[in-house]
Amino acid sequence: MVSEEEIKRSLFHMHLDKSPGPDGMTPGFFQKYWNIVKMDVVAQVRAFFDNVISKVLANQIKVVLPHVISPNQFAFIPGRLISDNIMIAFEVMHYLKRKRKGKEGYMALKLDLSKAYDRVEWSFLRAMMEKMGFANHFVDLILAMVNSVKYKIVHGGHDLESFVPRRGIRQGDPLSPYPFLICAEGFTSLIRKFEHDDLLKGCKVANGAPIISHMLFADDSYVYCRTNERKASNILRLLHLFEAATGQQVNFSKSSIFFRSNTPIDLRNRLCTMLGMSMADERSTYLGLPCTMGRNEDAILGFLKEKMQKRIRSWEGRLLLKAGREILLKTVAQALPTYAMSVFLLPLKTCSHLESLMSKYWWGSSNNRTKGLIRDGARRRIDSGDTTPVLNVPWLMYDVNLYVLSTHPALSQCKVSNLMQVDNKQWDLEVITDLFESRDIDLILKIPLSNTLDVDTRYWSKEPSGFYSVKSSYQYLQELKGDWSIQMESDLWRILWKVKVPPKVLHFAWKAISGCLPTRTQLLRIKHVPVESLCVFCNSEEESILHVLVDCPFANSCWNRSGVGLNFYTASTFTDWFKGFLVGGRSSMLEEVLMVGWGIWKAQNELLWKGRSSTVAEVVRLARNAHFRWMGLDGSLIEAYSTLHNGACQPALAEVLSVKEALSWLKLKNFLNVLIETDCIVVVQAMYSSAALLSVFNMFIQECQMILDSLNNVLISHVKRFANKAAHCVARGACFWSDRLFTESNIPSALQSIVIADITV
């Protein structure tokens, strides 16, 4: 009988949103409510075990397969990796390619099976399982699962009558790969029989190395044998026997032969004709990777660039936010070369091409802008001066304008080398004085000349090395806008990208701080879009980034209601206002600062594009809920509370004020059975102490004790400091925070509902 644990394990191995049942419920429903529905599910599976879930059978059979499937088969067997298969095959192919001595060589046959899953004979599958020693009842279950499939053809928009096949294994079923491996094991047994009868001999790449006659990965097969007509005839006989027994059929037109380097051309042609296969070249692949590697590795691995370029082009037509682009690049584009990198060490040139494709998609800039930036930063280094015209080339130094301003007629066809002395690598002062204005004379004479170099070249002036870098380009752009500073580079961006908020919020903050958030003022003055400039909220002042996010009365109310409060650091831009949180030592508040700012911006867009007005409470709740869902907490937010205490105080006093507010709120809401956890051990010790002290801290401790006495089963305990300095409590499966921020690590895994309080001191 199938156990409850096996059923649960099979269910929880399924993807959340795939394979819905007749009732439309996906595996995610049964996983989430397993404690409620498990008895019914287990009872149904046991009662109708003849129509068993294929995942249960798959989990049972895959435990046995490593003991009955030969080591030459690498697919779907626990502990065997596709990379092992590729590397072994690659070593054999490398040996065949490099070996040039010996009278007789080896050849590698890459076999392509035509519709391998559809041609599996059920009688052969049963015979193989019985031969392997599987119990008759288990064999019957496997065959019942295999032959229970029905097919229906849709033609012209009409469903034709369904039919039942007489052979084949359905693809996509979690059980299907394992019966196919059992059938493929028949191929391995047949090869071993031929080896035993000396009809086939495998390849040995070195002394002491094992003899390899074949390599299998599901239906992708390699067979190695001697390069002669007798062995080729035996191969044909082997394949015909395999086809007759299993129903499989080799597609000879898609199969190929790789010969050893010293194999004569006439022998190659005879064998290809005899076997009905084509001759493989160095560009052939196995399991999606090159079979051999030549001198030009970058050209051989060029398929990686083509694959990434094709994938990125499919994204370019989509209107995606920066956060969406980031997710696609990180989860898809960067994963594309992972498979190849598990086997090959990619050349630096290939890596550079891949990075270039991703960078181009990320920034999405036009070539004319990528050209303007390069033109501004590119310079001409003078060595011989033979290839550098005097006019219209940026070869001067130490000035904003790198071009010659003098207009003497003799300069139109003049090269820089004409300004040097004939037999000496020095400037000709007399010629320069006659042809140039004083400004140009001074700049030319300041240019140092080398006695050893004689080739003029271009260089990137924004890096000491002369080589172009993205970092220096970005710094140059910021300098042009007047936004660049060492402090911003070292602190602001470094801290910002580490804040634990959703990617879309980080990208919102990036645009706001960089001054490119599309407010009405930005659209009107920078993008020249004809729009109204007044704020959509207050309709009284221009909608700049600072105004819409901070100065607007609506934004003011959101900041105060959130508990963050306004940052009164004097600022003329949003960037300066935001940096005030770093200067003021309030960097621990950045998570909520970003979430509330994003909530305000979202409310602005809702009003502008949908005509929907949001309340201050809705904005704050939206920001908290979005953060809460993104953290993946196991529960649901049912209520939240926040308050603001003006003034500064010591940390211990701030903690006890937070606890007091939390206890007062619990009393108001009539919550029972609550555990409050705080990282301030001083507060916990004072709460359970009977000592009477005169400090302000103790005054609030006494108030907390009085409230605590009036509550039913409410405890306060100490926990270690969390990364975000959060204190929380658990109430009837609910969770309560007395500080602003929270992460998944703070929350017990079994919570079903969440209550959040937010007290800012």
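Think of each chain on its own: its residues are numbered from 1, step by step along the sequence as written. Only residues with pLDDT of 70 or above have their local features reported here, since the model is predicted, and side-chain atom pairs are shown and tallied only from 80 upward, although totals for entire chains, interfaces and linings are computed over all residues. Excluded from the side-chain calculations are hydrogens and water; all other atoms, namely the structure's heavy atoms, are used.

A. Spotlight on the overall build of the protein. Numbering goes from the N terminus for both helices and strands, where a helix is a DSSP run of H or I of at least four residues and a strand is a run of E of at least two. A count of helical and extended segments in the protein gives 30 helices and 17 strands. Exposure classes here rest on a 1.4 Å probe applied to the protein chains alone. A residue is buried below 20% of its type maximum, exposed above 50%, and partly exposed in between. Relative to its 761 residues, the protein shows a buried fraction of 47%. For the accessible areas, the method is Shrake-Rupley and the probe is 1.4 Å, while residue cover comes only from the protein chains on display. Total accessible area on the protein is roughly 41,100 Å²; 54% of this is exposed by carbon and sulfur atoms.

B. Looking closely at the sheet that holds strand 1 (residues 106-112). At least two bridges found by DSSP between two strands is the condition for calling them paired. Taking strand neighbours across the sheet as the criterion, the five strands line up as 4-5-1-6-7 in an open arrangement whose pairing is mixed. With one partner strand each, in any of the chains shown, strand 4 (214-217) and strand 7 (278-279) form the two edges of the open sheet. Across seven bridges, strand 1 lies against strand 5 (residues 220-226) in antiparallel orientation. By the bridge assignment for strand 5, leucine 111 is matched with serine 221. Each of strand 1, strand 4, strand 5 and strand 6 (256-259) is contacted by helix 5 (residues 82-98), which is oriented at about 145° to strand 4, the strand it contacts most. Any two residues whose heavy atoms approach within 4.5 Å at even a single point are treated as in contact. A fitted line through C-alpha atoms represents every axis, and for helices the fit uses only the stretch in contact; the resulting angles, taken between N-to-C directions, go from 0 to 180 degrees.

C. Region of interest: helix 7 (residues 136-146). Buried residues of helix 7: Phe138, Val139, Leu141, Ile142, Leu143, Met145 and Val146, and no others. Check the buried side of helix 7 and you find it contacts helix 4 (54-68), helix 6 (122-132) and helix 8 (177-196).

D. Quick peek at the environment of alanine 652. Counting through the fold element by element, alanine 652 comes out in helix 28 (residues 651-669). On the basis of relative accessibility, which here comes to 24%, the residue alanine 652 falls in the partly exposed class. Put simply, alanine 652 and cysteine 680 are 28 residues apart on the chain and 7.1 Å apart in space, counted from C-alpha to C-alpha. Beyond its immediate chain neighbours, meaning those up to four positions away, alanine 652 contacts Cys680, Val683 and Phe697.

E. Focus on the packing of helix 9 (residues 229-246) against helix 10 (residues 265-275). Direction vectors running N to C along helix 9 and helix 10 enclose 20°, while the axes themselves pass 10 Å from each other. Taken together, helix 9 and helix 10 sit at an angle that is classed as roughly parallel. The way helix 9 lies across helix 10 gives a crossing that is right-handed. Counting all contacts with helix 9, which are made through Glu229, Ala232, Ser233, Ile235 and Leu236, the residues of helix 10 involved are Arg270, Leu271, Met274 and Leu275. In terms of residue class, the contact of helix 9 with helix 10 is built from six nonpolar, one polar and two charged. For classification purposes, angles smaller than 35 degrees are called roughly parallel, those larger than 145 roughly antiparallel, those between 65 and 115 roughly perpendicular, and all remaining angles oblique. Two helices that cross are described as forming a left-handed crossing if the nearer one is turned anticlockwise from the farther one by less than a right angle, and a right-handed crossing if clockwise. In this classification, the charged set is Asp, Glu, Lys and Arg, the nonpolar set is Ala, Val, Leu, Ile, Met, Phe, Trp, Tyr, Cys and Pro, and all remaining amino acids, among them Gly, are polar.

F. Expanded view of the pattern of salt bridges. Only one rule defines a salt bridge in this text: a Lys or Arg side-chain nitrogen within 4 Å of an Asp or Glu carboxyl oxygen. Here the structure, examined in full by the defined rule, presents 15 salt bridges. The closest approach of N and O atoms between aspartate 440 and arginine 439, which form a salt bridge, is 2.6 Å. A salt bridge links glutamate 703 to lysine 660; its shortest N-O distance comes to 3.7 Å. Taken as a pair, glutamate 703 in helix 30 (residues 696-709) and lysine 660 in helix 28 lie far apart in primary sequence, 43 residues in all.

G. Summary view of the environment of alanine 692. Inspection of the secondary structure assignment puts alanine 692 in the loop between helix 29 (681-687) and helix 30. Owing to a relative accessible area of 68%, alanine 692 belongs among the exposed residues under this scheme.

H. Representation of unusual backbone geometry in the model. One non-glycine residue, asparagine 392, lies in the positive phi region at around 65°. When you line up the elements, asparagine 392 lands in the loop between strand 10 (378-381) and helix 17 (429-435). Its identity as a non-glycine residue notwithstanding, asparagine 539 has a phi of 55°, on the positive side. Here asparagine 539 is to be found in the loop between helix 22 (520-525) and helix 23 (545-551).

I. Fine view of the state of the cysteines. In what follows, a disulfide is any cysteine sulfur pair within 2.5 Å. Taken as a whole, this structure holds zero disulfides when the rule is applied. A disulfide-free cysteine, cysteine 535 has its sulfur positioned 3.9 Å from the sulfur of cysteine 538, the nearest such atom. Looking at cysteine 535, the relative accessible area reads 0%, which means it is buried.

J. Layout of helix 13 (residues 322-331). When helix 13 is considered as a whole, its buried residues turn out to be Lys322, Ala323, Arg325, Glu326, Leu328 and Leu329. On its buried face, helix 13 sits against helix 12 (302-316), helix 15 (348-363) and helix 21 (503-514).

K. How the structure looks around the nonpolar core. Take the buried Ala, Val, Leu, Ile, Met, Phe, Trp, Tyr and Cys residues and link them wherever side-chain atoms come within 4.5 Å; each set so joined is a nonpolar core. Judged by nonpolar contacts, the single largest core of 88 residues is most densely connected at Ile61, Leu109 and Tyr224. Among the elements that line this core, the one with the most residues is helix 8, at nine residues. Apart from residues lying up to four places away in sequence, leucine 109 is in contact with Ser221, Tyr222, Val223, Cys225, Ile235, Ser256, Ile257, Leu275 and Met277. Ranked by size, the runner-up nonpolar core spans 56 residues in total, among them Met308, Leu328, Leu357 and Val550.

L. Main features of the pairing of strand 4. Going residue by residue along strand 4, you find His214 and Leu216 tucked away on one face and Met215 and Phe217 tucked away on the opposite face as well. As judged from the four bridges shared by strand 4 and strand 5, these two strands associate in the antiparallel manner. From the neighbouring strand, histidine 214 faces strand 5, where its bridge partner is valine 223.

M. Highlighting the packing of helix 13 against helix 15. Interhelical geometry of helix 13 versus helix 15 gives an angle of 165° and a closest axis separation of 10 Å. With respect to their mutual orientation, helix 13 and helix 15 come out roughly antiparallel. Handedness of the helix 13/helix 15 crossing: right-handed. Where helix 13 approaches helix 15, its residues Lys322, Arg325, Glu326, Leu328 and Leu329 are matched on the opposing element by Met358, Tyr361, Trp362 and Trp363. Of the residues assigned to the contact of helix 13 with helix 15, the class counts are six nonpolar, no polar and three charged.

N. Main features of the packing of aromatic side chains. The pairing test for Phe, Tyr and Trp rings, Trp by its six-membered ring, is centres within 6.5 Å, and the orientation test on the planes gives stacked under 30 degrees, edge-to-face over 60, and tilted for anything in between. Overall, the coordinates contain 18 aromatic pairs when judged by the stated rule. We call a charge positioned above a ring when the Lys NZ or Arg CZ atom is no farther than 6 Å from the ring centre and deviates by at most 35 degrees from the ring normal. A cation over an aromatic ring shows up here: lysine 8 above the ring of phenylalanine 12, its NZ or CZ 5.7 Å from the ring centre. Over the aromatic face of tyrosine 361 sits the side chain of arginine 325, whose NZ or CZ is 5.1 Å from the ring centroid.

O. Broad picture of the side chain of serine 176. Within the fold, serine 176 resides in the loop between strand 3 (158-159) and helix 8. Separated by 2.3 Å, the side chain of serine 176 and the backbone oxygen of arginine 170 make a polar contact. Those residues within four positions of serine 176 in sequence are excluded, and the remaining contacts are Tyr117, Ile169 and Arg170. Pairs of N or O atoms within 3.5 Å make up the polar contacts considered here, provided that, within protein, one atom can donate a hydrogen while the other can accept it, and that residues adjacent in sequence are counted only when both atoms are side-chain atoms.

P. Summary view of the side chain of threonine 188. Secondary-structure assignment places threonine 188 in helix 8. Assessed through its relative accessible area of 1%, threonine 188 is described here as buried. Here threonine 188 is in contact with Ser70, His214 and Leu216, once residues within four sequence places are set aside.

Q. Just a nonpolar patch on the surface, in detail. Together, Tyr151, Ile153, Leu160 and Phe163 line one region of the surface with nonpolar side chains, adding up to about 350 Å² of accessible area. Topologically, isoleucine 153 is positioned in the loop between helix 7 and strand 2 (154-155). Accessibility expressed as a relative area gives 45% for isoleucine 153, which makes it partly exposed. Note that patches include only residues with greater than 30% relative accessible area and no salt bridge, and the join distances are 9 Å for like charges and 5 Å for nonpolar side chains (Val, Leu, Ile, Met, Phe, Trp, Tyr).

R. Summary view of the confidence of the model for the protein. A residue's pLDDT is the predictor's confidence in that residue, given on a scale from 0 to 100. When pLDDT is averaged along the protein, the result is 80, and 84% of the positions lie at 70 or above. Contacts of residues 722-761 to residues separated by more than four positions or lying in other chains number 151 contacts, the stretch itself having pLDDT below 50.

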